[in-house]
Amino acid sequence: MTKSSHDIGPVFKRLLVYLKPLKAMFAMSIFGLVLYGVVDATFIAFMKPFIDNGFGGQVAELSSAAGAGVDALDSGGFSASNDVLMLAPFFVIGLFSLRGLANFTSTYGISFISASLIKSMRQQVFEHYLTLPVSYIDRENSGNLISRVTYDTEQIARASGSALITIVRDGVTVIGMLTLMFYYSWKLSLVIFIVGPLIGLIISIVSRRFRKVSKQIQSAMGDVTAATEQMIKGHKNVLAFGGQETEAERFAKVNENNRKRNMKLAVAQAISQPLIMVIGSFALAFILYAASFDSLKAELTAGTFATVLAAMLSMLQPIKSLTRVNAEFQRGIAACSTIFELLDVEPESDQGRHTVERAQGKLSFQDVSFGYQSQEKLALQGISFEVNPGQTVALVGRSGSGKSTIASLITRFYSGLSQGKITIDDIDINDYQLASLRSQVALVSQQVTLFNDSIANNIAYAYPGDVSREQIIHAAKLAHAMEFIEQLPEGLDTQVGENGVLLSGGQRQRIAIARAMLRDTPLLILDEATSALDTESEKAIQQGLDNLRQNRTSVVIAHRLSTIESADLILVIEQGEVVERGTHESLLALDGMYAKLYQMQFGS
């Protein structure tokens, strides 16, 4: 993002896009805010006729009556001044009733706009996450990603809500008071040309400081979120290993960092407000001093001087409010800038146009080399193999050798091969439309992801279209999951908790296998699919996995070699290269790395 995109102008321009559907409500709200400020200015303007024609007129008429005698009193000499005083209460009640209506209209309208804007922005950020490449999510701090949806959007809500109300309403009030001052006595009001630029300079300097510190606060809040999320996810391990003190210290550091950032904002705010008030007091003092000049005394009436003085005094509180709310406003601008930067991140590349309802399932790697952006060394080097429809290829090797990377490349979770190509049915996977490509693949990974929903909905999660209860039960039976599901109080309707926390590892994995069975795709990836199962459970679902692999091209990643003995092709991966290939029997006869791994597991 360019430097200019951090400025207020471009941020406002993008923010206005969200306001287009709400322009009628926005116009009504602004009208209410302007009316509120105008009413305040009108009330101050009313002071001059009230003083001059009311009390001042009464004094003048009393002097005339004394010279004219009692008859003047009887003739209604006080009628004009009495009329002003009589009408004043009704005028005040009318003004403040109008002020109350304007306040309700503007406050409700802005609150409605703020809530709608944040709803739209949060939805857009969340949906944008769904389009981002896996490589981006891998690089980013998960706490920062969550903070964008929660904390940052909340700052925008404050800026577009209470801050906007204060800025427009008090801004109109200040403009109205300035207009009154210059209208009634431009000479007294000239002092504004001196203090105005000084106040503007201070606000400008402080605003830049606010934006800078606000971005630091956003980052600090991301760290707080990440530390909290990490502790909650690893709660059992923390308790098991007595890591409470370590986690408390870790959180204390990020918490203290967040406090320091907020204090920097508070210091800037605490300095700017009294400084502006002191500058304002000089303007007020000058008006009081200038009023003592003989040349001005002749021009000023009591009402005029009182109106100018009241207008000056009435400006101080709005200016103070504008200074105070400026911090909140700048936090919103900084948050907008951060979110727009996120929205500018390019989604997954999807240039392919080829679509297919159901592929045959022929999979081929042709001299494929690949490296992650964060690593200099290639993760895969010269990987080549071919699997025909219905066949199974098994990948074995040490942890970190590149087996899962091969599986991730099939679904284009990572793009940008250093060399070579991957094809399905002799068509480069980059030529496939992304949704079409991934609809051909079912994945059962080592780390099962379940959603806080019922078992039935978790099994049916990735099924395209409507699914019947009978289909779910059939898939669960094939995965040997109904054995434990039927024992649960609510059966398939049992809630599994966040990420399936209420189920055992083996139960979660069987649900994931049932999900893959129900998806019924021509390609199947089993990434340590039986790693969380005990021996009895493994034997129970091995037949189910064999059924799942029938008529499907399967890529099986396994540490337990007993699960891949029937594979059509076994590849032994070491440091991103294929060091051995063949069937189970041929690799044992080779007496190489595979044979050693087999001997380690079975002792012969």
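Here the structure is a predicted model, which means the values were calculated and not measured.

Let's talk about the overall build of the protein chain
Along the backbone of the protein chain there are 22 helices and ten strands. Within the protein chain, buried positions represent 46% of all 604 residues. Of the contacts formed within the protein chain by residues at least 6 apart in sequence, a portion of 78% connects residues at least 24 apart. For the protein chain, the exposed surface amounts to about 30600 Å²; the carbon and sulfur share of it is 58%.

As for unusual backbone geometry
Even without glycine at this site, D367 takes up a positive phi of about 55°. Its place among the elements puts D367 in strand β1 (residues 363-370). For R412, which is not glycine, the phi dihedral falls at a positive 60°. Locating R412 in the fold gives a position in the loop between α14 (403-410) and β4 (419-424). R412 gets classed as buried once you look at its relative accessible area, which sits at 7%.

What about the packing of helix α7 (residues 142-184) against helix α13 (residues 302-343)?
Contact geometry for α7 and α13: axes closest at 6 Å, N-to-C directions at 155°. Taken together, the axes of α7 and α13 lie roughly antiparallel to each other. When you trace α7 past α13, the crossing you get is left-handed. Grouping the constituent residues of the contact of α7 with α13 by class yields 23 nonpolar, twelve polar and six charged.

A few points about the UniProt feature "transmembrane region" (unreviewed entry) in the protein chain
This chain's UniProt record puts "transmembrane region" (unreviewed entry) on residues 24-46, 84-102, 163-184, 190-207 and 265-292. Taken end to end, residues 163-184 has its terminal C-alpha atoms 31 Å apart, with 100% of it in helix and 0% in strand.

Observations concerning the nonpolar core
Within the largest apolar cluster, 40 residues are counted, with the highest numbers of intra-cluster contacts made by I459, I485, L492, I564, I570 and Y594. Of all the elements, helix α19 (residues 505-519) adds the most residues to this core, at seven residues. Those residues in contact with I570 that sit more than four places away from it in its chain are A394, V396, I564, E580, R581, G582, T583, H584, L587 and Y594. Judged by nonpolar contacts, the second largest core, of 31 residues, contains V195, V206, I279 and A311.

Section: the packing of aromatic side chains
What the rule picks out here adds up to nine aromatic pairs. Through a chain of ring-to-ring contacts, the aromatic side chains of F104, Y108 and F112 assemble into a single cluster. Directly above the ring of Y36 sits R169, whose terminal nitrogen or CZ lies 4.6 Å from the centroid.

Brief notes about the sheet that holds β1
If you walk across this open sheet you meet the four strands as β2-β1-β4-β5, and the pairing is antiparallel. Edge positions in the open sheet fall to β2 (380-387) and β5 (427-428), since each of these has one partner strand only. Bridge count between β4 and β5: two bridges; the pairing is antiparallel. Directly across from I424, in β5, lies its bridge partner I427. In this fold α14 packs onto β1, β2 and β4, with an angle of close to 115° to the strand it touches most, β1.

Describing the pairing of strand β3 (residues 392-397)
Remember that side chains alternate between the two faces of the sheet whenever the strand is regular. Among the six residues that make up β3, six are buried, leaving the element largely enclosed by the rest of the structure. Covered by surrounding structure in β3 are T392, A394 and V396 together with V393, L395 and G397, the residues of both alternating faces. With four bridges joining them, β3 and strand β8 (residues 553-557) adopt parallel strand pairing. Looking at the pairing, V393 lines up with V555 of β8. Note: β3 against strand β9 (residues 569-574), five bridges, orientation parallel. In the sheet register, G397 faces β9, and the bridge partner there is I573.

Considering the environment of D170
You can see D170 is positioned in helix α7. Look at D170 and you get buried, because its relative accessible area is 10%. C-alpha of D170 to C-alpha of M315: the two residues are 145 residues apart in sequence and 8.6 Å apart in space. For D170, the contacting residues outside a window of four places in its chain are I165, P318, S321 and L322.

Examining the sheet that holds strand β10 (residues 577-582)
As summarised here, the arrangement of the six strands in space is β6-β7-β8-β3-β9-β10, forming an open sheet in which the pairing is mixed. Each edge of the sheet is formed by a strand with only one pairing partner; in this case those strands are β6 (441-444) and β10. Geometrically, the sheet is characterised by an average inter-axis angle of 20° between neighbouring strands, direction not taken into account. Packing against the sheet, α19 makes contact with β6 and β7 (523-527), and its axis sits at approximately 175° to β6.

Let's talk about the layout of surface pockets
Each pocket or cavity is described by its volume, and for the second largest pocket that value is around 420 Å³. Every residue lining the second largest pocket is counted, 22 residues in all, and those nearest its centre are S135, Q373, F413, Y414 and S415. Among the secondary structure elements, those contributing two or more residues to the lining of the second largest pocket are α6 (134-139) and α15 (434-438). If one sorts the elements of the lining of the second largest pocket by residue count, α6 sits on top with three residues. Taken together, the residues of the lining of the second largest pocket break down into seven nonpolar, ten polar and five charged.

A short note on the pattern of salt bridges
According to the stated counting rule, one finds 15 salt bridges in the structure shown. Put simply, D40 and R99 hold a salt bridge, and the shortest N to O gap is 2.6 Å. Of the two residues, D40 sits in helix α2 (residues 23-45) while R99 sits in helix α5 (residues 79-129), which places them 59 residues apart along the sequence. Here E386 and K362 are joined by a salt bridge, their closest N and O atoms 3.9 Å apart. Placement of E386 in strand β2 and of K362 in the loop between α13 and β1 is noted, with a sequence separation of 24 residues between them. Residue E386 is classed as partly exposed on the basis of its relative accessible area, which comes to 44%. Within this structure, R358, D520 and R552 form a network of salt bridges that share partners.

What counts, and at which threshold
- Residues numbered from 1 in each chain as written.
- Predicted model: local features only at pLDDT ≥ 70, side-chain atom pairs only at ≥ 80, totals over all residues.
- Heavy atoms only, no water.
- Helix = DSSP H or I, 4+ residues; strand = E, 2+ residues; numbered from the N terminus.
- Buried < 20%, exposed > 50% of the residue type's maximum accessible area, 1.4 Å probe, protein only.
- Contact = heavy atoms within 4.5 Å.
- Areas by Shrake-Rupley, 256 points an atom, 1.4 Å probe, with all protein chains shown as cover.
- Axes fitted to C-alpha atoms, helices over the stretch in contact; angles between N-to-C directions.
- Parallel < 35°, antiparallel > 145°, perpendicular 65-115°, else oblique.
- Left-handed = near helix turned anticlockwise from the far one by under 90°.
- Nonpolar A, V, L, I, M, F, W, Y, C, P; charged D, E, K, R; others polar.
- UniProt positions renumbered as here; feature names shortened; annotations may be inferred.
- Core = buried A, V, L, I, M, F, W, Y, C linked by side-chain atoms within 4.5 Å.
- Phe/Tyr/Trp six-rings, centres within 6.5 Å; stacked < 30°, edge-to-face > 60°.
- Lys NZ or Arg CZ within 6 Å of the ring centre and 35° of its normal.
- Pairing = 2+ DSSP bridges.
- 1 Å grid on protein atoms, 1.4 Å probe; cavity = no way out; pocket = protein on both sides within 12 Å on 5 of 7 lines; lining within 4 Å.
- Points joined across faces, edges and corners; volume = space filled by probe spheres on them.
- Salt bridge = Lys/Arg side-chain N within 4 Å of Asp/Glu carboxyl O.

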